[in-house]
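Spelled out, the chains give:
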Amino acid sequence: MRADWRTAGQAVGNTALVLSVFLSARPPVRLSAQDYRAQALRILKTVPLIDGHNDIPDAIRERGGLDSVDFGVTQPKLMADVPKLRAGAVGGQFWAAYVPVTTIHGGEHPAVYALEQIDLIHRLCHRYARDFAPALTAADVERNFKAGKVSCLMGIEGGHAIENSLGALRMFYTLGVRYMTLTHWETIDWADAATDSAKHGGLTAFGEDVVREMNRLGMLVDLSHVSDATMVDAIRVSRAPVLFSHSSARALCHHVRNVPDSILKMVQANGGVVMVNFNPGFVSEAVRLFEDSVQARSRALRATGVDSTAIADSVKAWLHHAPRATLQQVADHIEHIRAVAGVDHVGLGSDFDGITSVPLGLEDASKFPDLIAELLRRGWSEQDVKKVAGLNALRVLGAAERVAAEMQRVQSMRKGND
């Protein structure tokens, strides 16, 4: 009897061993693209996807204003509208109050332009209150998300908007602005821009005061568009984590608007976040080089006296041969920033409706889940995907609020002791 049980046990053990070897030899189950997208959408029901930068306010302004555009229905010529944001599972959107640098030189008031953009954002959010809700804090975003609303957050794009006035900066904060991009395309009186000649070697003394006051208020310091020296100075001065609302990795695409690895390491130490830009010229080195060649050809034609119409026609013909950036390359930038700065320091900053072309696969705001799906396909964990989607941005926003509360508390104590 014992021998029979022993024989039977050996047979069962051998069968289990064979089955184990067979299963381990089978290739891993590969999910389909639809499966990864479904997983991405499931994840985005648990965490708000936050886009760091969208230029819809100026796009609407250019089309005649809010009364001329029905944002509640699909707008084929816009990269964002309510249906696209909903399809893209967007939980929070930083709308950019973009202020053109031309306002510095044309006798206009940059602050007035910024106020008009802020007014448009307020009206946009209230007009579509069924889908949108205003947000001033990280807690607001989380509460709106639970209520099924897209949070409307605001950032000013261009520090010239404050017209060298800390009082104006404070009033913009009061109106709901929660980040300010220190420069745009041109160097201003107190900070050097990435795409202009350096005049200050970074921030001036007043520029450092601007950063400190932003810290005290709880307004995020946005370093997209600024020079490397300005990045270094701002990170040195800032007590709160900094933000790059729409910048990518320079190691993969050598555009001055992107962030070099040396700065990415500083962002890690600072606790900040770099929100990856979808602009093809910031994503693909081939696209960047092509765009540079088109600009060089245009300059050469202008030098020969060719009229502007002929130049425009030539540029249009050249663009037919342009390379295309891809969703996969955007994912490469996200992975590179994770590799250098860590997964806690990367997010999404599309620059939709502020760019004239898009990567293949990321044509508009409805495509965000496809980017999340690509990260999952590459083996990213759900928790890390959640960080990139929105948790990192929420953490930075909350940290800025805590730094502001502490700075204001210390300031109050000092005044009490005077």
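In this text the structure is predicted, and so the values were computed from the model without any measurement.

Focus: the pairing of strand β8 (residues 273-276)
Here's step 1: A two-sided burial pattern is seen for β8, the buried positions comprising V273 and M275 on one face and V274 and V276 on the other.
Here's step 2: As paired elements, strand β7 (residues 243-244) and β8 share 2 bridges and run parallel to each other. Its bridge partner being in β8, F244 is matched across the sheet by V274.
Here's step 3: The handedness of the β7 to β8 crossover, carried by helix α11 (residues 261-270), is right-handed.

Considerations on the confidence of the model for the chain
Here's step 1: Overall, the prediction assigns the chain a mean pLDDT of 91, with 88% of residues at 70 or greater.
Here's step 2: Confidence drops under pLDDT 50 across residues 1-27; counting only partners more than four residues distant or on other chains, this segment forms 0 contacts.

Some thoughts on helix α6 (residues 110-127)
Here's step 1: For α6, with 18 residues, the first-to-last C-alpha span of 26 Å sits near the 26 Å given by 1.5 Å per residue.
Here's step 2: Where α6 is concerned, the buried positions are P110, A111, Y113, A114, Q117, I118, L120, I121, L124 and C125.

Overview of the nonpolar core
Here's step 1: In this structure, F71, F132, F172, M180, L182, L223 and I334 are the most contacted members of the largest nonpolar core, which totals 98 residues.
Here's step 2: Non-local contacts of F132, meaning those with residues more than four positions away in its chain, are made with F71, V82, L85, W95, L124, C125, K149, V150 and C152.
Here's step 3: The next biggest cluster of nonpolar side chains, apart from the first, holds 19 residues, and it includes I50, Y179, L220 and A240.

Some points on the pattern of salt bridges
Here's step 1: Following the criterion strictly, the structure yields 25 salt bridges and no others.
Here's step 2: The residue E285 makes a salt bridge to R288 at a minimum N-O spacing of 2.7 Å. Residue E285 and its partner R288 are both found in helix α13 (residues 285-303); the two are separated by 3 residues, about one turn of the helix.
Here's step 3: A relative accessible area of 25% means that E285 is categorised as partly exposed.
Here's step 4: Take R288: its relative accessible area is 13%, and that puts it in the buried class.
Here's step 5: The partner of R378 in a salt bridge is E374, and the shortest N-O contact between them spans 2.8 Å.
Here's step 6: On the basis of relative accessible area, E374 is assigned to the buried category, the value being 6%.
Here's step 7: Through salt bridges with shared partners, one network takes in D332, E335, R338, E374, R377 and R378.

Considerations on the packing of α11 against helix α15 (residues 327-341)
Here's step 1: One can describe the packing of α11 onto α15 by two numbers: an axis separation of 8 Å at closest approach and a directional angle of 65°. The way α11 lies across α15 gives a crossing that is right-handed. Taken together, the residues of α15 that come into contact with α11 (itself represented by D261, L264, K265 and Q268) are H336, I337, V340 and A341.

Analysis parameters
- Residues numbered from 1 in each chain as written.
- Predicted model: local features only at pLDDT ≥ 70, side-chain atom pairs only at ≥ 80, totals over all residues.
- Heavy atoms only, no water.
- Buried < 20%, exposed > 50% of the residue type's maximum accessible area, 1.4 Å probe, protein only.
- Helix = DSSP H or I, 4+ residues; strand = E, 2+ residues; numbered from the N terminus.
- Pairing = 2+ DSSP bridges.
- Right-handed = clockwise from strand over helix to strand, strands pointing away.
- pLDDT = per-residue confidence, 0-100.
- Contact = heavy atoms within 4.5 Å.
- Expected span 1.5 Å × (residues − 1).
- Core = buried A, V, L, I, M, F, W, Y, C linked by side-chain atoms within 4.5 Å.
- Salt bridge = Lys/Arg side-chain N within 4 Å of Asp/Glu carboxyl O.
- Axes fitted to C-alpha atoms, helices over the stretch in contact; angles between N-to-C directions.
- Left-handed = near helix turned anticlockwise from the far one by under 90°.

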